[in-house]
Amino acid sequence: MPELPEVEVVKKSLKKTINHLTLKQIQIHNKYLRYEINQNLMKKMISSKILSIDRRSKYILINLSNDHTILIHLGMTGKIIIRVKKNNFNSSFYFDLKGSSNKHNHVIFKFNKGIELIYNDVRKFGFIKIEKTTNLDNSFHLKKLGPEPLSNKFNINYFINNTKKKEIYLKDLLMNQKFVSGLGNIYVNEAIYLSKINPKIKVNKISKKKVIGLIANIKKVLKKAIKEGGSSIKDFSSVEGEDGNYQQYFNVYGRKGERCKHPNCMGIIRALKISNRSTFFCPKCQKY
DNA sequence: TTCTTTGTTCCGGA
DNA sequence: GTCCGGAACAAAGA
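The structure presented is a predicted model; accordingly, all values stated were derived computationally and were not measured. (Residues numbered from 1 in each chain as written. Chains lettered and ligands numbered in written order. Predicted model: local features only at pLDDT ≥ 70, side-chain atom pairs only at ≥ 80, totals over all residues. Heavy atoms only, no water.)

Colleague: Would you mind going over the protein's contact with DNA strand C with me for this structure?
Modeller: Taken together, 13 residues lie near DNA strand C, and V122, R123, K124, E167 and K202 sit nearest. Here DNA strand C approaches the protein such that, of its atoms within 4 Å, sugar and phosphate make up 64%. K202 is positioned such that a nitrogen or oxygen atom in its side chain is 2.9 Å from a phosphate oxygen of DNA strand C. Among the residues forming the surface near DNA strand C, the class breakdown is 4 nonpolar, 3 polar and 6 charged. (Near = heavy atom within 4 Å. Polar contact = N/O pair within 3.5 Å; in protein donor to acceptor, adjacent residues only side chain to side chain. Nonpolar A, V, L, I, M, F, W, Y, C, P; charged D, E, K, R; others polar.)

Structure follows, in C-alpha cells:
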C-alpha cells in the first residue's frame, strides 16, 4: 500500500533509471484502470523526452519535453517495474517481475536504450493521466491537496489554525489529503502511537505540547521509512523489485493482540475501525 | 460466500 | 447551510 515514503522511493529509482530517456512506444493492454486511459492523448506523448521526475503527495510526475506530464497514482496495489532488455549493455539491470504476474501488466512505456517502464496493478485502483505541465498545480487531482508533511508549511501554526474549530477524530484529520497530503493508514497509525495520543481524540482538544510532538513524529516516521526503502507488506516493492524494510519498525500497524513495544508498558495493541479504516493503538500508552 | 484493502465521494443526521 | 462520519464504490484474491 504505497504511501508517501513508498512513492518517494519509486521516484528516486525512476530518476536513476529513466530520466532523460525518449519515449518510443506505448503499449496499453488494459485501459480500464481506476479511470479509463485516454489513448489518443497518450499517443501524443511518443517521441518526447523526459525532462524531470517529481513526486507530489502519492503521485509520481514524469515531466516531458512537450509540456505535458504523465501523472501516476499507484492506488493500493500499483507497481512500477523497470525492465532493461537482456542483451542491452548490462544484463544485471534485467529484473524479474517479482511478486507480480504479467497478467496485471496494464501499460508498458518503451524508451530508447531498450528500457521499459511497466505499470502493473492487481486491483486496478491506481491510474495514469496526462496533464499540461503548466497547469499541474490546478489539475483535478493535485489542486485540492494540502501541504506536504515534510515541508515547512506543515508546522505547528498550520495545524492549530486549521483545527481549532474542528470536531473530528485525529485519525480522520491526518488521513484527509486536503489537510496534509501523502499520509495513509500505516504512517498515521504509527505517528499517532509515537505521540502517545488516542486516535479518537477530537482535534481541537489536543494540547499544544502534544501537537508539537505529533508533527515531529510524522516527519520522523516518514523520513525513517524513506531511508529504509518504504514498507513492504502486501504488494509494495521498489522498481528494482527490492523490498522495503520499514515494516520491521512497526509499533502498532498490523499488531493487534501483540504487546506494546514501549518499555515497561505491557499493554496489548487493540484494533478498531475509524471511518472504515483499521486503526491500531495501545490503550495504555495512548490515553486521551 | 464473505471479507479485506485505499482514496474519494455521497448522503443521512445533527 | 454546515459539519461529521458511516457507507459505498472500484477489483481481485484469500
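Colleague: Quick question: what am I supposed to make of unusual backbone geometry here?
Modeller: Of note in this structure, K113 is not a glycine but carries a positive phi near 65 degrees. Inspection of the secondary structure assignment puts K113 in the loop between β6 (105-111) and β7 (115-121). Even without being a glycine, S275 presents a positive backbone phi close to 50 degrees. (Helix = DSSP H or I, 4+ residues; strand = E, 2+ residues; numbered from the N terminus.)

Colleague: Looking at this structure, I do not really get the environment of K164. What am I missing?
Modeller: Residue placement: K164 occurs in the loop between α3 (156-161) and α4 (170-175). Given the relative accessible area of 54%, K164 is considered exposed. Each C-alpha atom, one on K164 and one on E228, is 35 Å from the other, the two residues being 64 residues apart in sequence. (Buried < 20%, exposed > 50% of the residue type's maximum accessible area, 1.4 Å probe, protein only.)

Colleague: When you look at empty space enclosed by the protein in this model, what are you seeing that I'm missing?
Modeller: Empty space among the atoms becomes visible once a probe the size of a water molecule is rolled across them. This model, assessed by the stated rule, comprises 2 cavities of 30 Å³ or more. Taken as a whole, the second largest cavity holds about 40 Å³ of empty space. Lining the second largest cavity we find L23, I50, I62, L64, I70, F109, F111 and L117. Among the elements of the structure, β3 (59-64) and β6 are those that each provide at least two residues to the lining of the second largest cavity. Looking at the lining of the second largest cavity residue by residue, the classes come out as 8 nonpolar, no polar and no charged. (1 Å grid on protein atoms, 1.4 Å probe; cavity = no way out; pocket = protein on both sides within 12 Å on 5 of 7 lines; lining within 4 Å. Points joined across faces, edges and corners; volume = space filled by probe spheres on them.)

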